[in-house]
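Geometric and topological summary
Spelled out, the chains give:
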Amino acid sequence: MLQAADKRGPNIIVLSKAGKPIFSRYGSEEDLMPICGIAQAILATASTVSNQENDDNGIQFICAKNLKIAFLTVGFVTLIGVSEDEEITEPFLHLLLEYVYSQVVFTLTDQMQKVFQRTPSFDMRGLLGATERVLDGLLLNTASLITGGVEVFPLDPLLRNHVSDVICNSTKHIPETLLVILVVKNKLVTMLQSKRHRIHTMDLQLILNFLLHQPGLLDNESWIPICLPNFESSRYVYAYINRIEASVDLTFVCIAVQHNTAQFELYREACAAIQSFLGILHRNGSALKSMSSIIADSVAPSFSELSHHCPLVTTIRNTNLDSPQMKEYCQSESAMHFLFRWDVPDTQKRGKTGSFLTQFVQSSFQVPLIDFKSQQTVWCMYQKLALRLRNGSAKAEKCVVEMDRASSQHNNKKTKEIKDGNLACDGEIAVNDVQACLGRDMFGLLPPVNSISYSIQGSNMYIAINAKDCEMYAVLSSTISITSGASMCARLIGKLLSDRNVLFLGSIKTWR
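Residues numbered from 1 in each chain as written. Predicted model: local features only at pLDDT ≥ 70, side-chain atom pairs only at ≥ 80, totals over all residues. Heavy atoms only, no water.

Turning our eyes to something else, we now look at the side chain of Ser-222. Among the secondary structure elements, Ser-222 is positioned in strand E9 (residues 222-226). When its relative accessible area of 8% is taken as the criterion, Ser-222 is described as buried. For Ser-222, the residues in contact, after removing those within four places along its chain, are Leu-217, Ala-239, Tyr-240 and Ile-241. (Helix = DSSP H or I, 4+ residues; strand = E, 2+ residues; numbered from the N terminus. Buried < 20%, exposed > 50% of the residue type's maximum accessible area, 1.4 Å probe, protein only. Contact = heavy atoms within 4.5 Å.)

Turning our eyes to something else, we now look at the environment of Thr-131. Along the chain, the position of Thr-131 falls in the loop between helix H4 (125-128) and helix H5 (132-140). On the accessibility criterion, Thr-131 (9% relative accessible area) is buried. Note: C-alpha distance between Thr-131 and Phe-23 (108 residues apart in sequence) is 9.4 Å.

Moving on to the sheet that holds strand E12 (residues 337-345). Taken together, six strands build an open sheet; the order of strands is E6-E13-E12-E16-E15-E14 and the sheet is mixed. What marks the edges here is a single partner per strand, and that holds for strand E6 (150-151) and strand E14 (452-457). Taken together, the six bridges between E14 and strand E15 (residues 460-467) define a ladder with antiparallel strand orientation. Within E15, the position partnered with Ile-456 by the bridge is Met-461. Across the sheet, helix H14 (residues 372-391) is in contact with E12, strand E13 (356-362), E14, E15 and strand E16 (470-477); its angle to E14 comes to roughly 145 degrees. (Pairing = 2+ DSSP bridges. Axes fitted to C-alpha atoms, helices over the stretch in contact; angles between N-to-C directions.)

What follows concerns the sheet that holds strand E3 (residues 61-64). Ordered in space as E2-E1-E5-E4-E3, the five strands form an open sheet in which the pairing is antiparallel. Of all strands in the sheet, those bounded by a partner on one side alone are strand E2 (21-24) and E3. Ignoring strand direction, the axes of neighbouring strands in this sheet form an average angle of 15 degrees. As paired strands, strand E4 (residues 67-74) and strand E5 (residues 77-83) are joined by seven bridges and run antiparallel to one another. Each residue of the ladder has a partner; that of Thr-73, found in E5, is Thr-78.

Right, let's get into unusual backbone geometry. Between Val-367 and Pro-368 the backbone carries a cis peptide bond, its omega angle lying at 10 degrees. Relative to the helices and strands, Pro-368 resides in the loop between E13 and H14. Positive phi, close to 65 degrees, is recorded for Thr-109, a residue that is not glycine. Looking at where Thr-109 falls in the secondary structure, it is placed in the loop between helix H2 (90-108) and helix H3 (112-118). One non-glycine residue, Ser-334, lies in the positive phi region at around 55 degrees. Topologically, Ser-334 is positioned in the loop between helix H13 (324-332) and E12. For Ser-334, a relative accessible area of 52% puts it in the exposed group.

We now examine the nonpolar core. Counting residues in hydrophobic clusters, the biggest one holds 82 residues, and the most contacted among them are Leu-179, Ile-181, Leu-188, Leu-204, Ile-207, Ile-226 and Ile-255. Considering each element in turn, this core owes the most residues, 12 residues, to H2. Among all residues touching Ile-226, those that are not within four sequence positions of it are Phe-106, Ile-207, Arg-235, Tyr-236, Val-237, Ala-239 and Ile-255. (Core = buried A, V, L, I, M, F, W, Y, C linked by side-chain atoms within 4.5 Å.)

Moving on to the confidence of the model for the protein. Any residue range with low pLDDT should be treated as having predicted coordinates unsuitable for detailed reading. Summarising the model, the protein shows a mean pLDDT of 80, and 79% of its residues fall at 70 or more. Low pLDDT, under 50, characterises residues 284-308; the stretch is placed with 27 contacts to residues that sit more than four places away or in other chains. In the model, residues 423-429 has pLDDT below 50 throughout and makes nine contacts with residues more than four positions away in sequence or in other chains. (pLDDT = per-residue confidence, 0-100.)

Turning to the packing of H2 against helix H8 (residues 201-213), a few remarks are in order. One can describe the packing of H2 onto H8 by two numbers: an axis separation of 11 Å at closest approach and a directional angle of 70 degrees. Here H8 runs roughly perpendicular to H2, going by the angle between their axes. Residues Glu-98, Tyr-99, Ser-102, Gln-103 and Phe-106 of H2 touch H8, and the partners they reach there are Met-202, Gln-205, Leu-206, Ile-207, Asn-209 and Phe-210. Looking at the contact of H2 with H8 residue by residue, the classes come out as six nonpolar, four polar and one charged. (Parallel < 35°, antiparallel > 145°, perpendicular 65-115°, else oblique. Nonpolar A, V, L, I, M, F, W, Y, C, P; charged D, E, K, R; others polar.)

Buried residues dominate strand E8 (residues 187-194), accounting for seven of its eight residues. In terms of strand pairing, strand E7 (residues 177-184) meets E8 through six bridges, oriented antiparallel. Following the sheet pairing, Ile-181 is matched in E8 by Met-191. The turn joining E7 and E8, which pair antiparallel and follow one another in sequence, is formed by two residues; a positive phi near 55 degrees is taken by Lys-185. Relative to strand E17 (residues 509-511), E8 runs parallel, the two sharing three bridges. Within E17, the residue paired with Gln-193 across the bridge is Thr-510.

Attention now moves to the pairing of strand E10 (residues 237-245). Burial within E10 is extensive, with nine of its nine residues counted as buried. Sheet analysis places E9 next to E10, joined by five bridges and oriented antiparallel. The residue bridging Pro-225 from the neighbouring strand is Tyr-238, located in E10. One ladder, built from seven bridges, connects E10 with strand E11 (residues 250-256); its direction is antiparallel.

Turning to H13, its buried residues number three or more, namely Met-326, Tyr-329 and Cys-330. Around the axis of H13, the buried residues are gathered within 95 degrees of arc, so they sit on the same side. Of the residues one or two after H13, Ser-334 is the one with positive phi, at around 55 degrees. (Arc of directions from axis to C-beta.)

Residue placement: Gln-366 occurs in the loop between E13 and H14. Put simply, Gln-366 and Cys-330 are 36 residues apart on the chain and 8.4 Å apart in space, counted from C-alpha to C-alpha. Residues contacting Gln-366, with those up to four places away along its chain left out, are Lys-327, Cys-330, Ala-335 and Met-336.

Here's what the structure looks like:
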């Protein structure tokens, strides 16, 4: 009942403190009602015991053989993660709950806490709308969850800089703009942001996931409210979304604080100017001046003609149709798969919280990792290796101890801030509150430099290695030695970093 038959991953259930179901990844509403009641009874009992023992953490996990149940309570909302996969780690299950809560806040803001405070039995499902695909898609993007980063579309740096300059010149005069991004599906082409307001990587993850799993919004220009939980979780900002080239899923997005018609029109004009400079057709099919020479009367231009006049679209289309680069990386070091994370420092806020834009690239799965079960095994092993790099062990006992330690540190820091008057104590719950970021703490920070961890399972060697500001996970053959495997990963890191100007956003353009 709790775990789906198709085994796509853990079940996630979101409910109110009154036991009202809000979301479930699997299972019908009839099945959910008794589960929600039992869950709240367990939590209430555990809360009573915790209060008696002066423990602020409450219940976090229940483990019985292969069954793992994780709990996350944020204000009046409870999230439950259930897995029967013995390879899923407890911190990763908790991490899934944190991301799901943030995606719910992305849709509703954390003002929903006040709604539940006033009306505990309120049914929130109607306000969430058709977000099941968005939440489910978030849970399936394991690479993004493990790295805590966003995927970047590989592009020639000169072309990327040209596109960035065009976008910057077209949007820098528009007031109250927080963020401008150009995206292919859910991969960043470029990004610009205000100097005064920096966007957290997790908020970028939520935006990209939303764009990928709400394709209906991209059929027309959209002006919609969204919440960026790590920017300001109690209010909406407003997103202008326009898919400027449908054939390659190229989408232009502007995020603004203001909500008015004038702001929308400014973004529409900027988008038209960007299309003109890049040589892309308007949505209605009318050609821009830069393309007038190839359009004759009523005859529409062919894809080849459009590509000739739009290097960006040409490059994206060729990369989508035939992308040998990642495969070449794999073949050069005999890897069956790799996942590479790079933390790009914010030069203006280096050393401060949120001062990195975490990015990643990954290869496709090579033979024999072509079936779903094999790929799930890879992701589970990467989870464990990440925890071993950071904590020395991925065992449940060690992970729970580390999460308790992190929770205690958060509680002590919060208590001190309240006493010092640096933190208001008004009952509102922030997304980065104590329990809502423990999983991110476990996976987010890079471990000490030059760490290595590995595991041999059957014919595969799973290995993780990190250097300054970067981290590599890979699957190699178990027939080679550990030393050879580490050397192969080190060489692969060197190749990726030598191509970092193509694979990553090396710097983020800013204005004002």
